[in-house]
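Below are the chains, spelled out letter by letter.
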2 protein chains.
Amino acid sequence: MQTWDAIRARRNVRTFTDQPIEPADLDRILEAGWRAPSAKNRQAWDFVVVTDRDQLAELATVWQGARFIPGSRATIVLTVPDPQEQRFVAIDRYDLGQATMAMMIAATDLGIGSGHASIHDQEALRRIIGMPEGHSGVALIGLGYPADRPLGPPVKLSRRPFDEVVHRGKW
Amino acid sequence: MQTWDAIRARRNVRTFTDQPIEPADLDRILEAGWRAPSAKNRQAWDFVVVTDRDQLAELATVWQGARFIPGSRATIVLTVPDPQEQRFVAIDRYDLGQATMAMMIAATDLGIGSGHASIHDQEALRRIIGMPEGHSGVALIGLGYPADRPLGPPVKLSRRPFDEVVHRGKW
């Protein structure tokens, strides 16, 4: 898919068909995140990719917004090491956002839908994916082929007016 | 450019040619950010796009890492409203990271290079772009055509080994 088409075709997808994701496609999505830039190239992240049905079912317990995760064909858990300084909380989240978007655009390009979920129960997550102490989960990215309609045409999104968000020269 | 090529061609660019960025291209880059997803669709962001040479020169003063900004053909200032609750600091930064990456991939697709700078002197920024109280600058994204070599071939990046970052099933 052309880049501009993929960017405009991305939308939140949380219902998926049974079609599995090819391992090479999943690796490409992960590589997109791995390539993302980060402040001073910190790369303060680990990505845990889950495809096992039982594990995906368990991941639904980490937050009410994660109930769609068992229906995903794969879920990427984004994790961050505990910050050594308070300022890294914001810095590292920004970088994880960059990695997330790269993965979602790469997924869209392959016709694969993606949707975020937040994580609240860190201890449950720790148990489910074997995450060591000193790390926390930031977000789940559920992946799969969309059950409603294929990705493709530019999506009309609910957004603040463009000219309200974008200021030219001066605010 | 194909999406996967654009994702792999993105690299930090901080030296630019004199070639201006067409207004329609700049708007496309901004639209990519405007389209980015955010927690509960908060869209807790404003983008100030600066193309005036004097203003770009002034932006160099907001942080030592912003010294390349006067050489950019355009710079997008990402700003965030002050958080109503502490937890929004991390949430909103993650979302700004998503918007950033969408803009950088959209820029790469157009052959336009991009590089981040951090912002420390918020009062200088406020004066330069007329940012109201209750908002802070998060990052500058300098944009322009790369002075060194065109964007295109997949970039070899300095990254932690892929298999160290990516865990399969369990950490």
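These numbers come from a predicted model, not from an experiment.

Student: Got a minute to help me understand the sheet that holds strand β1 (residues 46-50) of chain A in this structure?
Tutor: Remark on secondary structure: sheet strands pair via backbone hydrogen bonds, oriented parallel or antiparallel. The strand order across the open sheet formed by five strands is β3(A)-β4(A)-β2(A)-β1(A)-β5(B), and the pairing between neighbours is mixed. Only two strands of the sheet have a single partner each, and these edge strands are β3 (113-117) of chain A together with β5 (166-168) of chain B. Going from strand to strand, the sheet's axes swing by 25° on average, the running direction of each strand aside. Looking at chain direction, β3 of chain A and strand β4 (residues 135-144) of chain A are connected through five bridges and run antiparallel. From the neighbouring strand, Gly115 of chain A faces β4 of chain A, where its bridge partner is Gly142 of chain A. Strands in contact with helix α2 (residues 23-34) of chain A are β1, β2 (74-81) and β4 of chain A together with β5 of chain B; relative to β1 of chain A, the strand with the most contacts, it is inclined by about 165°.

Student: It is not clear to me how the pairing of β3 of chain A should be interpreted in this structure. Could you clarify?
Tutor: Every regular strand shows the same layout, with side chains that alternate between the two sheet faces. Most of β3 of chain A is tucked away: five of the five residues are buried. By the alternation rule, side chains of β3 of chain A split into Gly113, Gly115 and Ala117 of chain A and Ser114 and His116 of chain A, which are all buried.

Student: For this particular structure, what's the right way to read the relation of the copies chain B and chain A?
Tutor: Each of the two copies of the chain can be brought onto the other by a rotation about an axis and a shift along it. Mapping chain B onto chain A calls for a rotation angle of 180° and an axial translation of 0.0 Å; the resulting RMSD is 0.0 Å. The transformation just described matches what one would write down for a two-fold rotation axis. Both copies present the same face, since 100% of the interface residues in chain B are matched by interface residues at the equivalent positions in chain A.

Student: Would you take a moment to explain α2 of chain A for this structure?
Tutor: Note: α-helices contain 3.6 residues per turn, so residues at a spacing of three or four share the same orientation. For α2 of chain A, spanning 12 residues, the distance from its first C-alpha to its last is 16 Å, which sits close to the expected 16 Å at 1.5 Å a residue. Taken together, the buried positions of α2 of chain A are Asp25, Leu26, Ile29, Leu30, Ala32, Gly33 and Trp34 of chain A.

Student: So what exactly am I meant to see when it comes to the interface of chain B and chain A here?
Tutor: In many analyses, interface size is given as the accessible surface area lost on bringing the parts together. Listed per partner, the contact involves 70 residues of chain B and 70 residues of chain A. In total, chain B and chain A occlude about 6,100 Å² of area from one another, counting both sides; carbon and sulfur atoms represent 58% of this. Three residues, Arg35, Tyr94 and Trp171 of chain B, lead the burial of chain B against chain A; their summed loss comes to 14% of the area buried on that side. Viewed at the interface, chain A and chain B are joined by four salt bridges.

Student: Would you take a moment to explain the environment of Asp52 of chain A for this structure?
Tutor: If you trace the backbone, Asp52 of chain A turns up in the loop between β1 and α3 (53-59). Sequence-wise, Asp52 of chain A and Met131 of chain A are 79 residues apart; in three dimensions their C-alpha atoms are separated by 16 Å.

Student: Mind showing me how you'd approach the packing of aromatic side chains here?
Tutor: The description of an aromatic ring pair rests on the distance of the ring centres and on the angle between the ring planes. Considering all chains together, one arrives at six aromatic pairs over all chains under this definition. Summarising the aromatic geometry, the rings of Phe16 of chain A and Phe68 of chain A are spaced 6.4 Å apart at their centres and angled 35° between planes, so their arrangement reads as tilted. Here Phe16 of chain A, found in the loop between α1 (3-9) and α2, pairs with Phe68 of chain A, found in the loop between α3 and β2; they are 52 residues apart in sequence, far enough to count as distant. No difference in accessibility class separates Phe16 of chain A from Phe68 of chain A, as the two residues are buried. Taking the ring centre of Phe88 of chain A as reference, the NZ or CZ of Arg42 of chain A above it sits at 3.5 Å. Directly above the ring of Phe68 of chain B sits Arg14 of chain B, whose terminal nitrogen or CZ lies 5.3 Å from the centroid.

Reading the values: rules and limits
Residues numbered from 1 in each chain as written. Chains lettered and ligands numbered in written order. Predicted model: local features only at pLDDT ≥ 70, side-chain atom pairs only at ≥ 80, totals over all residues. Heavy atoms only, no water. Pairing = 2+ DSSP bridges. Helix = DSSP H or I, 4+ residues; strand = E, 2+ residues; numbered from the N terminus. Axes fitted to C-alpha atoms, helices over the stretch in contact; angles between N-to-C directions. Contact = heavy atoms within 4.5 Å. Buried < 20%, exposed > 50% of the residue type's maximum accessible area, 1.4 Å probe, protein only. Least-squares fit on C-alpha atoms with pLDDT ≥ 70 in both. Expected span 1.5 Å × (residues − 1). Buried area = accessible area lost by both parts, 1.4 Å probe. Salt bridge = Lys/Arg side-chain N within 4 Å of Asp/Glu carboxyl O. Phe/Tyr/Trp six-rings, centres within 6.5 Å; stacked < 30°, edge-to-face > 60°. Lys NZ or Arg CZ within 6 Å of the ring centre and 35° of its normal.

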